[in-house]
Amino acid sequence: QVQLAESGGGLVQAGGSLRLSCAASGRTFTIYRMGWFRQAPGKEREFVGEINWSGGSTNYADSVKGRFTISRDNTKNTVYLQMDSLQPEDTAVFYCAARTSVTSGYNYWGQGTQVTVSS
């Protein structure tokens, strides 16, 4: 089992920045990739970006490319989501997730953290 805990959400004005953290615990040696997702009110959960746990390569949704950056600190078993130039449409609950297999989807999820961007 892998446990995930997000932190760092809050209220920020448009154009501002926030950094979310996701601390992994448990069988972290099984993690293949970590991802960030978000769910805005009344909308389905959407992919934000992801990072390979070992190699560090990243992949982002078009809507956040150039504004959001994912990084990791394997010594702390923590993944970060740096969000810059935030806009009201970025308001959502942000979730981190872990994949433990190349062939499976994301099978472990955090509880989510609220990000609210005011105009």
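Look a little higher up for the structure.
The rules we used
Residues numbered from 1 in each chain as written. Predicted model: local features only at pLDDT ≥ 70, side-chain atom pairs only at ≥ 80, totals over all residues. Heavy atoms only, no water. Helix = DSSP H or I, 4+ residues; strand = E, 2+ residues; numbered from the N terminus. Contact = heavy atoms within 4.5 Å. Buried < 20%, exposed > 50% of the residue type's maximum accessible area, 1.4 Å probe, protein only. Pairing = 2+ DSSP bridges. Axes fitted to C-alpha atoms, helices over the stretch in contact; angles between N-to-C directions. Disulfide = S-S within 2.5 Å. Salt bridge = Lys/Arg side-chain N within 4 Å of Asp/Glu carboxyl O.

Enquirer: Explain the side chain of Ser21 to me, and be specific about the residues and the numbers.
Expert: Within the secondary structure layout, Ser21 lies in strand S3 (residues 18–26). Ser21 has contacts with Ala5, Glu6, Ser7, Trp36, Thr78, Val79 and Tyr80, leaving out every residue within four places of it along the chain.

Enquirer: Break down the pairing of strand S5 (residues 46–52) for me, with residues and values.
Expert: The element S5 is largely enclosed, with a buried count of five among its seven residues. Two elements, strand S4 (residues 33–39) and S5, share six bridges in a ladder whose sense is antiparallel. From the neighbouring strand, Arg33 faces S5, where its bridge partner is Asn52. Hairpin geometry of S4 and S5 is characterised by an intervening segment of six residues between the two adjacent antiparallel strands and by a positive phi of about 75° at Gly42. In terms of strand pairing, S5 meets strand S6 (residues 58–60) through three bridges, oriented antiparallel. By the bridge assignment, Ile51 is partnered in S6 with Thr58.

Enquirer: Outline the sheet that holds strand S7 (residues 68–73), listing residues and values.
Expert: Pairing within the open sheet is antiparallel, and its four strands lie in the order S1-S3-S8-S7. Of all strands in the sheet, those bounded by a partner on one side alone are strand S1 (2–7) and S7. Going from strand to strand, the sheet's axes swing by 20° on average, the running direction of each strand aside. Pairing geometry for S7 and strand S8 (residues 78–83), over six bridges, is antiparallel. Paired with Ile70 across the bridge in S8 is Leu81.

Enquirer: I'd like to hear about the state of the cysteines, residue by residue, with values.
Expert: Here is the idea: a disulfide is a covalent bond, and it sits between the sulfur atoms of two cysteines. The tally for this structure, following the rule as stated, stands at one disulfide. Bridging Cys22 to Cys96, the disulfide has an S-S length of 2.0 Å. Judged by the sign of its S-S torsion, about 50°, the bond between Cys22 and Cys96 is right-handed. In this pair, Cys22 is assigned in strand S3 and Cys96 in strand S9 (residues 92–99), connecting sequence segments 74 residues apart. In this structure, Cys22 and Cys96 share a single accessibility class: buried.

Enquirer: Now, about the pattern of salt bridges: what can you tell me, with residues and values included?
Expert: Inspection of every chain in the model, using the stated rule, returns five salt bridges. One salt bridge connects Arg38 with Asp90, and the closest N-O pair in it is separated by 2.9 Å. With a gap of 52 residues between them, Arg38 in strand S4 and Asp90 in the loop between S8 and S9 connect regions that are remote in the sequence. Asp90 shares its class with Arg38; the two are buried. What emerges from the salt-bridge pattern is a single network uniting Arg38, Glu46, Arg67 and Asp90.

Enquirer: Summarise unusual backbone geometry; cite the residues concerned and give the values.
Expert: The residue Asn77 is not glycine, and still its phi comes out positive at about 50°. Taking relative accessible area as the criterion, Asn77 reaches 23% and is therefore assigned partly exposed. Even without being a glycine, Ser85 presents a positive backbone phi close to 50°. With respect to the helices and strands, Ser85 occurs in the loop between S8 and S9.

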